[in-house]
Amino acid sequence: MAESTFVYKGTDKKGKKVQGELNGASTALIKAQLLRQGIRTKSVRKKPKPLFGKGKAIKPLDIAIFTRQLSTMMKAGVPLVQSFEIVADGVDNPRMKDLALEIKDGVASGTGFAATLRQHPKYFDDLFCSLVDSGEQSGALETMLGRIATYKEKTEILKAKIKKAMTYPISVLVVALIVTAILLIKVVPQFAETFSNFGAELPAFTQFVMDISDYVQNTWYVILVGIIVTVYIFGQARQRSKKFSDGVDKVTLKLPIVGNIVYNSVIARFARTLSTTFAAGVPLIDALTSASGAAGNAKYRDSILNIRDNVSTGMTMHSCLRSEGIYPSMMIQMTLIGEESGSLDEMLDNVAVFFENEVDNMVDNLTTLLEPMIMAILGVLVGGLMIAMYLPIFLMGAVV
């Protein structure tokens, strides 16, 4: 029977009022549990669900923290089922708590841990489940959970860095466009009324801005709807069309500055995934299959699958990487050393750390570089509009 969260109030052995929460299958079982603790209950009721939804959505970072806590509990000697209960009690997000308890119920009923996780593909992908399965079969589940937690944490940190690199300039440019639109719709028309009484021809730059203002005033809703529809169509096309999505991935790699960040992040993710799976005892062919799905870029996904096919025919890993022509020489050399020394997982881990640091440095440099550029763009947009509006007044003063 699935457990629920109950809220209770009562008094302890000394008559002091106490209250709290407990997880259980029924009110009667909660009362019995409290009685064994010496608490006389006055009321026990199910904890009400939030009025608006069930709390925040479960994010990959929540899964990483959940995995890390499970690993810590098991290394401390806490049984797996009890570990789920302890972790669930310490979770603030109701959805994450429900997920932890659902997994606990599945494991407690006799279903394997990996098999239970596969019932929740939205939160646990094939790579996660395969690694847990390897940990169960080898009898080193707590160690494997630690490796998975490290992998998830570093992956999410890398994603956060990429998001930071993209979000800052986009948000500033959006603000610049909004400010420009407000000036064109609200401010420029006020000057237009003044200029209509001049009785003289306006400078070309001023007339150009006035024409743009008239156009934006008459069609702003069309422009706004067009932007929204374009963004929506782009998002849908990426989700529904594999060919379009693959094309966007390939173009992204060719973009200035951003392309290098994406390239380094893909290499870091590839090396991190392959290192984690190979260290877990997953055969190299299967590890490459998992790494292709986690690469995050269509060009490298296809390349990794090609490497997998070549490795299956007997070629060495480093020669396959070199033949592709799109991997850094450092990764090829480290792979060669790892194959010769029998420490491929360690060498790939070093590669992952190096390129993760490269992404970190590039993001910091990008932010520093973009700040003056963005200020210059804002200055040109706003300053240009102001100059265009005051230019007729300056010229008229010069004539007088």
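Residues numbered from 1 in each chain as written. Predicted model: local features only at pLDDT ≥ 70, side-chain atom pairs only at ≥ 80, totals over all residues. Heavy atoms only, no water.

Colleague: In this structure, what is going on with the overall build of the protein chain? I would like to understand it.
Modeller: When helices and strands are tallied, the protein chain shows 15 helices and three strands. Radius of gyration (C-alpha) of the protein chain: 30 Å, far over the 21 Å computed for a compact globule of 400 residues. Buried positions account for 39% of the 400 residues belonging to the protein chain. Excluding contacts between residues fewer than 6 apart, the proportion of contacts in the protein chain whose partners are at least 24 apart in sequence is 60%. When the accessible surface of the protein chain is split by element, carbon and sulfur atoms take 60% of a total near 22500 Å². (Helix = DSSP H or I, 4+ residues; strand = E, 2+ residues; numbered from the N terminus. Rg over C-alpha atoms; globule rule 2.2 N^0.38 Å. Buried < 20%, exposed > 50% of the residue type's maximum accessible area, 1.4 Å probe, protein only. Contact = heavy atoms within 4.5 Å. Areas by Shrake-Rupley, 256 points an atom, 1.4 Å probe, with all protein chains shown as cover.)

Colleague: Is there a simple way to explain the packing of aromatic side chains in this structure?
Modeller: A ring pair, where both rings are aromatic, is described by two values, the distance of the centres and the angle of the planes. With the rule as written, the count across this model stands at 10 aromatic pairs. Cluster of aromatic residues (ring-pair linked, three or more members): Phe66, Phe84, Phe113, Phe124 and Phe128. (Phe/Tyr/Trp six-rings, centres within 6.5 Å; stacked < 30°, edge-to-face > 60°.)

Colleague: Please explain the pattern of salt bridges as it appears in this structure.
Modeller: Should the charged atoms of two oppositely charged side chains come close, the side chains can pair. Inspection of the entire model under this criterion finds 10 salt bridges. Glu153 is paired through a salt bridge with Arg68; the nearest N and O atoms lie 3.0 Å apart. One end of the pair, Glu153, is in helix 7 (residues 141–195); the other, Arg68, is in helix 2 (residues 60–75), with 85 residues separating them in the sequence. The class for Arg68 is partly exposed, based on a relative accessible area of 27%. Taking the shortest distance from any N to any O, the salt bridge between Lys104 and Glu85 comes out at 3.5 Å. (Salt bridge = Lys/Arg side-chain N within 4 Å of Asp/Glu carboxyl O.)

Colleague: How do you make sense of the environment of Gly259 when you look at a structure like this?
Modeller: Here Gly259 is to be found in helix 10 (residues 258–279). With a relative accessible area of 1%, Gly259 lands in the buried category. Separated by 91 residues in the primary sequence, Gly259 and Tyr168 have C-alpha atoms spaced 16 Å apart. Beyond its immediate stretch of four places on either side in the chain, Gly259 contacts Thr252 and Leu253.

Colleague: Teacher, can you tell me more about the nonpolar core here?
Modeller: When a protein is soluble and globular, its nonpolar side chains tend to lie buried together. Within the largest apolar cluster, 75 residues are counted, with the highest numbers of intra-cluster contacts made by Phe113, Phe270 and Tyr327. At 11 residues, the largest contribution of residues to this core is made by helix 15 (residues 344–399). Sequence-distant contacts of Phe270, that is, excluding residues within four places in its chain, are made with Leu288, Ala291, Ile304, Met317, Leu321, Tyr327 and Met331. Counting residues in each nonpolar core, the second largest holds 12 residues, with Val188, Met210, Ala388 and Met389 among its members. (Core = buried A, V, L, I, M, F, W, Y, C linked by side-chain atoms within 4.5 Å.)

Colleague: What exactly am I supposed to notice about helix 12 (residues 298–312) here?
Modeller: Side chains three or four residues apart in an α-helix point the same way, a direct result of the helix having 3.6 residues per turn. Taking 1.5 Å of rise per residue, 15 residues should cover 21 Å, and helix 12 covers 21 Å from first to last C-alpha, within 8% of that figure. Listed as buried for helix 12 are Ala298, Tyr300, Ser303, Ile304, Ile307 and Val311. Here the buried face of helix 12 lies against helix 9 (242–254), helix 10, helix 11 (284–294) and helix 13 (317–324). Measuring from the backbone nitrogen of Lys299 back to the side-chain oxygen at the start of helix 12 gives 3.1 Å, which picks out Asn297 as the cap. Of the residues trailing helix 12, Gly314 is marked for its positive phi of about 115°. (Expected span 1.5 Å × (residues − 1). Polar contact = N/O pair within 3.5 Å; in protein donor to acceptor, adjacent residues only side chain to side chain.)

Colleague: Help me out: how do you make sense of the side chain of Lys152 in this one?
Modeller: Residue position: Lys152 is located in helix 7. Not counting residues up to four positions away in its chain, the partners in contact with Lys152 are Pro60, Ile63, Ala64 and Phe128.

Colleague: Is there a simple way to explain the packing of helix 2 against helix 4 (residues 94–108) in this structure?
Modeller: Two numbers describe a pair of packed helices, the interaxial angle and the distance between the axes. Closest axis-to-axis distance for the helix 2/helix 4 pair is 12 Å, and the angle between their directions is 45°. By the criterion of interaxial angle, the relationship of helix 2 to helix 4 is oblique. Relative to helix 4, the crossing made by helix 2 is right-handed. Between helix 2 and helix 4, the contacting residues are Asp62, Ile63 and Phe66 on the first element and Met96, Leu99, Ala100 and Ile103 on the second. Across the contact of helix 2 with helix 4, the residue classes tally to six nonpolar, no polar and one charged. (Axes fitted to C-alpha atoms, helices over the stretch in contact; angles between N-to-C directions. Parallel < 35°, antiparallel > 145°, perpendicular 65-115°, else oblique. Left-handed = near helix turned anticlockwise from the far one by under 90°. Nonpolar A, V, L, I, M, F, W, Y, C, P; charged D, E, K, R; others polar.)

Colleague: Mind showing me how you'd approach helix 8 (residues 204–240) here?
Modeller: For helix 8, built from 37 residues, the straight-helix expectation of 54 Å at 1.5 Å per residue is missed by more than 12%, its first-to-last C-alpha distance being only 47 Å. Maximum bend of helix 8: about 70°, positioned at Thr219. For helix 8, the set of buried residues is Thr206, Val209, Met210, Ser213, Val216, Thr219 and Gln236. (Bend = angle between axes of the 7 residues up to and from the residue.)

Colleague: I would appreciate a short explanation of the packing of helix 13 against helix 14 (residues 329–341) in the present structure.
Modeller: The contact between helix 13 and helix 14 brings their axes to 8 Å, and the two run at 165°. In terms of axis orientation, helix 13 runs roughly antiparallel to helix 14. Note on packing geometry: the crossing formed by helix 13 with helix 14 is left-handed. Contact with helix 13, carried on its side by Met317, His318, Leu321 and Arg322, involves Met331, Ile332, Gln333, Thr335, Leu336 and Glu339 of helix 14 and no other residues of that element.

Colleague: Before we go on, may I ask you to explain the confidence of the model for the protein chain in this structure?
Modeller: The predicted structure's coordinates, where accompanied by low pLDDT, should not be read in detail. On average, residues of the protein chain score 82 in pLDDT, and 95% of them are at 70 or above. Here strand 2 (residues 17–24) stands out as the least confident element of the protein chain, with mean pLDDT 78; helix 14 is the most confident, with 90. (pLDDT = per-residue confidence, 0-100.)

Colleague: Explanation requested: a nonpolar patch on the surface in the structure shown.
Modeller: A contiguous nonpolar patch, built from Leu173, Val175, Val179, Ile377, Leu381 and Val382 and spanning about 400 Å² of accessible area, is present on the exposed surface. Elements with a contribution of two residues or more to the nonpolar patch: helix 7 and helix 15. Relative to the assigned elements, Leu173 resides in helix 7. Relative accessible area serves as the criterion here: at 36%, Leu173 is assigned to the partly exposed category. (Patch = residues over 30% accessible without salt bridge, like charges linked within 9 Å, V, L, I, M, F, W, Y side chains within 5 Å.)

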